[in-house]
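A structural walkthrough
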Amino acid sequence: MFLSERHEAFRKEVREFAEHELPNLRIQEKEEENVFPKAAVELLIRQGLTGVPFPEKYGGAGKDTLSYCITVEEISRVWGSLGLTLAAHISLGSYPIYHFGTEEQKQKYLAPLARGEVLGSFGLTEPGAGSDASATKTVAEPGDGHYVLSGSKNFITTANYADTFVVTAVTDRTKGAKGISAFIVERNFPGFSIGKKEDKLGLRASDTATLVFDNCQVPEENLLGQEGQGFKIFMVTLDGGRISIGAMALGIAQASLDECLEYVRTHKLQDEQWVQEKIADMTARIQAARHLVYHSAWKKDAGEPFGKESAIAKYFASETATGSASSAISIMGLDGISKRYPAERFFRDAKLTEIGEGTSQIQKIVIARNLFKERGLL
Ligand code: COS
């Protein structure tokens with residue numbers, strides 16, 4: 001895909017930052033020890049990457065979605081956990097406030113998020129509401145000037161380190177998806193706490209934990225959008241978020257290929273036809289995935305519907321990431337599974353991209369439903 005000089009220059013800048021600054025932070029150790037990369041987040045803030053796609057008047061960098069994709073791709077190429085932390089902060093923790101928030105909410109919450117003064121998080125998933133996102137059990141009862149939230153959310157990215165949480169809760173049980181509302185919750189609201197931290201297969205330095213609402217008092221003015229609009233707000237947010245998971249998958253896939261090429265060079269495997277076949281396959285799929293991810297970003301920036309394209313991009317890029325990471329290990333043999341090389345980390349990290357922000361199966365539902373709607377079948 002043809003990128004403008006401006007985008008190429010931005011990629012160069014982010015790549016140099018990621019390649020030179022991040023490896024000093026002992027990535028492998030942090031991953032093994034399950035430790036959140038605070039120092040790396042500080043570097044993202046210093047580099048001005050915490051609000052890439054938001055206007056400058058809200059503390060952002062005023063760039064487009066394509067630049068944001070490039071950012072997540074290049075960071076994830078070096079450190080998947082940091083790429084995920086950034087993607088969750090921007091696409092999930094900040095974007096719904098930017099798109100659906102009042103001017104007051106944007107000034108109060110979005111600006112500090114975009115400037116990196118605080119981190120954002122997003123609470124949708126519950127023990128009984130994963131793929132079936134409208135099965136939310138967390139409730140929000142209206143009180144005197146506030147709502148009272150009760151329930152819990154699980155597998156929430158950056159739960160222990162975020163200050164602002166955008167969450168869903170049921171305000172009217174009789175209305176199904178249309179009875180769900182969205183709220184902005186601050187970490188220090190009474191009745192809100194963080195529960196169990198997950199110990200994960202991959203992306204171990206990214207923080208994942210449970211949110212607990214025990215009669216949590218949320219001021220009325222922290223309702224995001226209108227009552228009953230929460231499910232749509234979250235679906236629209238996920239349409240955009242899936243572009244960034246596609247970009248993250250692309251970064252991991254590219255990292256696997258780059259690692260493999262270095263191994264082929266040092267082990268003189270260039271003449272092996274089976275190696276050529278695997279490398280060719282990885283290269284073709286990565287190139288196709290890159291076109292799909294950038295195309296969905298371009299559609300979003302052009303103001304066109306992009307939900308089908310982002311689902312296609314996420315589906316294809318995430319399966320490309322797991323496939324590339326697996327092929328890299330096959331080429332490297334036992335070295336591929338050794339902790340002496342990062343290939344095994346890419347393999348473990350890639351799997352989340354097929355699951356988070358909607359599994360591959362969910363992406364296929366979204367793709368088919370959108371297509372049916374376009375063709376008048378639904
Ligand atoms: N944009 C705007 N509105 C949307 C939408 C979107 N992308 N997707 C759904 N809606 C609307 C529908 O139009 C419908 O409203 P109307 O009744 O006014 O037409 C309403 O939301 C309900 O939609 P639908 O009937 O399609 O909902 P389903 O319960 O069938 O769920 C899926 C649809 C499966 C696509 C949804 O539950 C989903 O995305 N699940 C995966 C959730 C996920 O990604 N979780 C990851 C964890 S968060 S990191």
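One structure accompanies this document, and this report is about it. Being a predicted model, the structure only gives us computed values, none of them experimental.

Thoughts on the overall build of the protein
Helix and strand counts for the protein come out as twelve helices and eight strands. In terms of overall size, the protein behaves like a compact globule, its C-alpha atoms giving a radius of gyration of 20 Å where 378 residues would be expected to give roughly 21 Å. On the principal axes, the C-alpha backbone points of the protein span a range of 75 × 50 × 40 Å. Considering the protein as a whole, with its 378 residues, one finds that 56% of them fall into the buried category. Partitioning the intrachain contacts of the protein with sequence separation of at least 6 by distance along the chain shows that 75% fall at a separation of at least 24. When the accessible surface of the protein is split by element, carbon and sulfur atoms take 52% of a total near 16400 Å². Within the protein, one finds 44 positive and 50 negative side-chain charges whose respective centroids are separated by 3 Å.

Section: the side chain of Thr208
Mapped onto the fold, Thr208 is located in strand β7 (residues 208–219). Among the residues examined, Thr208 registers a relative accessible area of 5% and is labelled buried. Polar contacts involving the side chain of Thr208 include one to the side chain of Lys200, which spans 2.9 Å. Beyond its immediate sequence surroundings of up to four residues, Thr208 is in contact with Phe155, Ile156, Lys196, Lys197, Glu198 and Lys200.

Describing helix α11 (residues 343–353)
For α11, the buried fraction is high: eight of the eleven residues fall into the buried class. Regarding α11, the residues found buried are Ala343, Glu344, Arg345, Phe346, Arg348, Asp349, Ala350 and Thr353. Buried residues along α11 sit against α2 (27–33), α4 (65–78), α5 (80–100), α7 (230–266), α9 (307–332) and α10 (334–337).

With respect to the nonpolar core
Counting 106 residues, the largest nonpolar core has Leu22, Ile75, Leu149, Phe183, Val185 and Val293 as its most contacted members. Here the element with the most residues in this core is α7; it accounts for 16 residues. Residue contacts for Ile75: discarding those within four places in its chain leaves Val14, Phe17, Ala18, Leu22, Leu44, Leu49, Leu82, Gly83 and Leu86.

Observations regarding the packing of aromatic side chains
Both the distance between ring centres and the angle between the ring planes are used here to describe each pair of aromatic rings. Following the criterion strictly, the structure yields nine aromatic pairs and no others. Ring geometry for Phe122 and Phe234: centres 4.3 Å apart, planes at 20 degrees, overall stacked. Of the two residues, Phe122 sits in strand β1 (residues 120–123) while Phe234 sits in helix α7, which places them 112 residues apart along the sequence. In this structure Phe122 comes out as buried when scored by relative accessible area, which is 10%. Phe234 gets classed as buried once you look at its relative accessible area, which sits at 0%. By way of ring pairs, the aromatic residues Phe54, Tyr58, Tyr95 and Tyr98 are connected into one cluster.

Structural notes on the site of the ligand
Around the ligand, the structure places 20 residues, and the nearest of them are Ser131, Lys178, Asp239, Arg242 and Arg369. Lys232 places a side-chain nitrogen or oxygen 3.4 Å from an oxygen atom of the ligand. Between a nitrogen atom of the ligand and a side-chain N or O atom of Asp239, the distance comes to 2.8 Å. Protein chains bury 68% of the 1000 Å² of accessible surface belonging to the ligand in isolation. When residues of the shell around the ligand are traced back to their parent elements, those giving at least two are α7 and α12 (360–374). Counted by class, the shell around the ligand contains nine nonpolar, five polar and six charged residues.

Thoughts on a negative patch on the surface
A cluster of like negative charges, contributed by Glu104, Asp144, Glu220, Glu221 and Glu227, occupies part of the molecular surface. Structurally, Glu221 is set in the loop between β7 and β8 (223–224). We classify Glu221 as exposed; its relative accessible area is 54%.

Focus on the pairing of β1
Remark: a regular strand shows side chains that alternate across the two faces of the sheet. Of the two faces of β1, both are covered, the one formed by Gly120 and Phe122 as well as the one formed by Ser121 and Gly123. For β1 and strand β4 (residues 164–170), the ladder comprises four bridges, and the chain directions are parallel. Residue pairing for β4: Gly123 is matched across the bridge by Val167.

So, the packing of α7 against helix α8 (residues 273–301)
Following both chains from N to C, one finds α7 and α8 inclined at 155 degrees, their axes separated by 9 Å at the closest point. Considered as vectors, α7 and α8 are oriented roughly antiparallel to each other. Between α7 and α8 the crossing geometry is left-handed. On the side of α7, the interface is formed by Gly240, Ile243, Gly246, Ala247, Leu250, Ala253, Gln254, Ser256, Leu257, Cys260, Leu261 and Val264, while α8 contributes Val275, Ile279, Met282, Thr283, Ile286, Ala289, Arg290, Val293, Tyr294, Ser296, Ala297 and Lys300.

Things to note about the environment of Phe316
Relative to the elements of secondary structure, Phe316 occurs in helix α9. Taking relative accessible area as the criterion, Phe316 reaches 24% and is therefore assigned partly exposed. Considering only alpha carbons, one finds Phe316 and Leu292, 24 residues apart in sequence, at a separation of 8.1 Å. Not counting residues within four places of it along the chain, the set of residues in contact with Phe316 comprises Arg285, Ala288, Ala289 and Leu292.

Thresholds, definitions, all that
Residues numbered from 1 in each chain as written. Predicted model: local features only at pLDDT ≥ 70, side-chain atom pairs only at ≥ 80, totals over all residues. Heavy atoms only, no water. Helix = DSSP H or I, 4+ residues; strand = E, 2+ residues; numbered from the N terminus. Rg over C-alpha atoms; globule rule 2.2 N^0.38 Å. Buried < 20%, exposed > 50% of the residue type's maximum accessible area, 1.4 Å probe, protein only. Contact = heavy atoms within 4.5 Å. Areas by Shrake-Rupley, 256 points an atom, 1.4 Å probe, with all protein chains shown as cover. Lys, Arg positive; Asp, Glu negative; His and termini not counted. Charge placed at Lys NZ, Arg CZ, Asp CG, Glu CD. Polar contact = N/O pair within 3.5 Å; in protein donor to acceptor, adjacent residues only side chain to side chain. Core = buried A, V, L, I, M, F, W, Y, C linked by side-chain atoms within 4.5 Å. Phe/Tyr/Trp six-rings, centres within 6.5 Å; stacked < 30°, edge-to-face > 60°. Near = heavy atom within 4 Å. Nonpolar A, V, L, I, M, F, W, Y, C, P; charged D, E, K, R; others polar. Patch = residues over 30% accessible without salt bridge, like charges linked within 9 Å, V, L, I, M, F, W, Y side chains within 5 Å. Salt bridge = Lys/Arg side-chain N within 4 Å of Asp/Glu carboxyl O. Pairing = 2+ DSSP bridges. Axes fitted to C-alpha atoms, helices over the stretch in contact; angles between N-to-C directions. Parallel < 35°, antiparallel > 145°, perpendicular 65-115°, else oblique. Left-handed = near helix turned anticlockwise from the far one by under 90°.

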